[in-house]
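# A structural walkthrough
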There are 2 protein chains.
Amino acid sequence: MDYRAAGVDIDAASRVVDRVRDLARQTFTPGVLSDIGSFGGLFQPEWSRHRQPVLVASADGVGTKLKVAFLAGRHDTVGVDLVSHCVNDVLVQGARPLFFLDYLATGRLAPDVSTAVVQGLARGCVENGCALLGGETAEMPGFYAAGEYDLAGFIVGIVDRGSLIDGSGIAPGDRLIGLPSSGLHTNGFSLARRIVFETLGLGVDTPVDELGGRIGDELLRPHRSYLRPVSRLLESSPGLVKGLAHITGGGLTDNVPRVLPSGAAARIVRDWHVPPVFGFLQRAGSVPEDEMYRTFNMGIGMVVVVAPGSVAAARALLAAAGEPGAVPIGTVVEGDRQVVYAQESAP
Amino acid sequence: MDYRAAGVDIDAASRVVDRVRDLARQTFTPGVLSDIGSFGGLFQPEWSRHRQPVLVASADGVGTKLKVAFLAGRHDTVGVDLVSHCVNDVLVQGARPLFFLDYLATGRLAPDVSTAVVQGLARGCVENGCALLGGETAEMPGFYAAGEYDLAGFIVGIVDRGSLIDGSGIAPGDRLIGLPSSGLHTNGFSLARRIVFETLGLGVDTPVDELGGRIGDELLRPHRSYLRPVSRLLESSPGLVKGLAHITGGGLTDNVPRVLPSGAAARIVRDWHVPPVFGFLQRAGSVPEDEMYRTFNMGIGMVVVVAPGSVAAARALLAAAGEPGAVPIGTVVEGDRQVVYAQESAP
């Protein structure tokens, strides 16, 4: 009996490592000192650019959006999802990404699938100026169903301690600006899949008129990275941004409070354009409104908190940075770190 | 329909976050600036201690050793495995760990299981002076069998560029010193499980005389961290260590070459004491000798490469650091970055 008979093929794994190495090299920034395949990835940031450099790290998964990728047989977008998610999670504290590592686990390694996944990761890394510094590809017989895998990512970013954004200066009267999402991003997929594939019985290739295309394409649309517009905003006008919230699992309801100091709450006025996919899911699944806002991003992937007098400047800077769709979505009020929704514009 | 009906319980998840927060706080070192629950974990190393600080990062999983934990219903050791594995992977480049993040994915969140896993992670982090800075706990209905989960880890360490260990100075004539493993560590479990649970039909609670206890306890014995003895060696005598290899998947056969420069090979003399579990698995599974050395660590968890005149000093320093079992296992010879095994001591 040997290891291959037990379901692990070290030779196949090392062929995948070769492909991964080529893809990863395309993402290497000047800070990378090592090649893929060393025990640890080596990275030397440009320390001199920072007075008091602070590292910001985050771990994330793609969640059950992966199941849609399995159904569609499309594996080159989930990597973009994951990198964008991670980049946004460090961006909200003011950090720019330095490097990313992935964990890809599967029952039996399918080299083409692994390569497609890493292609997506590499594309996401290149788009965000972030090095794909390493990772682990694990073949775990008996863990994952045939053709399935799990994918997690780890990111490290850097920010000067003086430029850290933690929301502590947010006060009643401040305004919330929402940046549009590209769709579901990577949250709410257990509910969305149940509605789409069980309740409605659709297939990934089923066209849905009101969505202007196939449901699978809509669901798989990659998570946006807000690095470019938000970092432009942070650089153009230091101090303007008082807080940033990435709208992930828990929606606006749970994520906006994460950056509010005690004594503050958010009053969100639901009058922005909600993309059709959310209404489609809500009606088809008879999902209560509150549940929608606690499960999905509802068209807002990032919230920027600014002083009332800075709204116009922030929107102009964002528009100049290629983000014309930033919209006012509410106000900071007195309260206990919660979100209160209002349907009307007037307070 | 709501998110809980779709299999995701955000309230249960937030209760787990509370427990995780308490455990993680016990690991916090002075560099930690954030609490668990922020979008990214914040860490400020003591930069002034380094001239040219380089970050060393690694991602790893526990592999199918998790299946043994599932069978035994014991979830508080796999976290120690994972942290030790990660610590060793950055240690071999000369780095000390700064912080660790985990990714824990399961079908349906069992708060007691998650807590036990994080207890193990926290214990591993405390033992290695490494902060558990954050992580992701993902509930993914339909991904994992009931009662199962996957666990991955991500570590960042730091080393001065001048103290980086990359094996480039290794030359023929250098000696290999092996540090004892505690058992299988986290590699070869797909083969070991097949032999133990399928070929032999044992249960985790079956006592095995030659192993002095239950097979499950033997298999679950945690992966050792070599941080204490190896960092003592690095600090006591800078320049003495020419290379370090962590013996993980691929065994001595595949891992020793990772630190050899071109033109060098390793001649390993198999006359150290191999712990009984390896002979037990080899006989029961009729596993060829070469396959054993390419699958399991065979009792050697870390290899230290030193100049021929430094062997005695290195062993004395290791013994003084609580590592009395370090043994000479071979010599660097001319060759093409491979391992050649010999049974006899004389070259």
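Worth saying up front: this structure is predicted, and the values here are computed from it rather than measured. (Residues numbered from 1 in each chain as written. Chains lettered and ligands numbered in written order. Predicted model: local features only at pLDDT ≥ 70, side-chain atom pairs only at ≥ 80, totals over all residues. Heavy atoms only, no water.)

For the rest of this paragraph, the subject is the state of the cysteines. By the definition in use, this model includes zero disulfides over all chains. This cysteine, Cys 86 of chain A, is not joined by any disulfide, and Cys 130 of chain A carries the nearest cysteine sulfur, 8.6 Å off. On the basis of relative accessible area, Cys 86 of chain A is assigned to the buried category, the value being 0%. Left without a disulfide partner, Cys 125 of chain B is nearest to the cysteine sulfur of Cys 130 of chain B, which lies 4.4 Å away. For Cys 125 of chain B, a relative accessible area of 0% corresponds to the buried category. (Disulfide = S-S within 2.5 Å. Buried < 20%, exposed > 50% of the residue type's maximum accessible area, 1.4 Å probe, protein only.)

Take the relation of the copies chain B and chain A next. For the match of chain B to chain A, the screw axis carries a shift of 0.0 Å, the RMSD comes to 0.0 Å, and the turn is 180°. On the angle and the small slide along the axis, the relation comes out as a two-fold axis. Comparing interface residues between copies, 98% of those in chain B also sit at the interface in chain A, which points to an isologous, same-surface contact. (Least-squares fit on C-alpha atoms with pLDDT ≥ 70 in both. Contact = heavy atoms within 4.5 Å.)

Turning our attention to the sheet that holds strand S3 (residues 96-106) of chain B. Taking strand neighbours across the sheet as the criterion, the five strands line up as S1(A)-S2(B)-S5(B)-S3(B)-S4(B) in an open arrangement whose pairing is mixed. In the strand order of this sheet, the two ends are held by strand S1 (41-43) of chain A together with strand S4 (131-139) of chain B, each with one partner. Put simply, the sheet's adjacent strands are angled 20° from each other on average, direction ignored. Strand direction decides the pairing type here: S3 of chain B and strand S5 (residues 149-160) of chain B, joined by 10 bridges, are antiparallel. Note on S5 of chain B: the bridge partner recorded for Arg 96 of chain B is Ile 158 of chain B. (Pairing = 2+ DSSP bridges. Helix = DSSP H or I, 4+ residues; strand = E, 2+ residues; numbered from the N terminus. Axes fitted to C-alpha atoms, helices over the stretch in contact; angles between N-to-C directions.)

All right, on to the pairing of strand S4 (residues 131-139) of chain A then. All names here are of chain A. Bridge analysis of strand S3 (residues 96-106) against S4 gives eight bridges, and the strand direction is parallel. Counted as the bridge partner of Thr 106 is Glu 139 from S4. A crossover links S3 with its parallel partner S4, the connecting element being helix H4 (residues 111-127), and its sense is right-handed. (Right-handed = clockwise from strand over helix to strand, strands pointing away.)

The next point concerns the packing of helix H5 (residues 189-199) of chain B against helix H9 (residues 276-285) of chain B. All names here are of chain B. Between H5 and H9, the shortest axis-to-axis distance is 10 Å and the interhelical angle comes to 65°. Of the two elements, H5 crosses H9, and the hand of that crossing is left-handed. For the pair H5 and H9, the contacting residues are Ala 192, Ile 195, Val 196 and Thr 199 in the first and Phe 280, Leu 281, Ala 284 and Gly 285 in the second. Across the contact of H5 with H9, the residue classes break down as six nonpolar, two polar and no charged. (Left-handed = near helix turned anticlockwise from the far one by under 90°. Nonpolar A, V, L, I, M, F, W, Y, C, P; charged D, E, K, R; others polar.)

Turning our attention to the pattern of salt bridges. Residue and element names in this part refer to chain A. Under the defined criterion, the tally for this structure stands at 32 salt bridges over all chains. Taking the shortest distance from any N to any O, the salt bridge between Glu 46 and Arg 49 comes out at 3.6 Å. Residue class for Arg 49 comes out exposed when judged on its relative accessible area of 62%. A salt bridge links Arg 96 to Glu 235; the shortest N-O distance between them is 3.1 Å. Here the residue Arg 96 occupies a position in strand S3, and Glu 235 occupies one in helix H7 (residues 227-236), the gap between them amounting to 139 residues. With a relative accessible area of 25%, Arg 96 lands in the partly exposed category. The exposed category is assigned to Glu 235, whose relative accessible area is 51%. Several salt bridges share partner residues, and in doing so they unite Asp 205, Arg 214 and Asp 217 into one network. (Salt bridge = Lys/Arg side-chain N within 4 Å of Asp/Glu carboxyl O.)

We now examine the interface of chain B and chain A. Where interface size is quoted, it is often the accessible area lost as the parts come together. Contacts between chain B and chain A engage 86 residues on the former and 85 residues on the latter. In this assembly, chain B and chain A are joined by 19 residue pairs in polar contact (both at pLDDT 80 or more). Counting residues per element, the side of chain B that touches chain A draws most heavily on strand S2 (residues 53-61) of chain B, which supplies nine residues. Partitioning the side of chain B that touches chain A into residue classes produces 45 nonpolar, 24 polar and 17 charged. (Polar contact = N/O pair within 3.5 Å; in protein donor to acceptor, adjacent residues only side chain to side chain.)

Now for the packing of helix H3 (residues 78-91) of chain B against helix H4 (residues 111-127) of chain B. Residues and elements named next belong to chain B. Across the interface, H3 lies against H4 with an axial gap of 6 Å and an inter-helix angle of 40°. By the criterion of interaxial angle, the relationship of H3 to H4 is oblique. In the packing of H3 onto H4, the handedness of the crossing is right-handed. Counting all contacts with H3, which are made through Gly 79, Val 80, Leu 82 and Val 83, the residues of H4 involved are Val 117, Gly 120, Leu 121, Arg 123, Gly 124, Cys 125 and Glu 127. (Parallel < 35°, antiparallel > 145°, perpendicular 65-115°, else oblique.)

On to the confidence of the model for chain A. Summary statistics for chain A give a mean pLDDT of 93 and a share of 96% for residues scoring 70 or more. Interface confidence in the predicted complex, given as ipTM, is 0.93; pTM for the same model is 0.94. (pLDDT = per-residue confidence, 0-100.)

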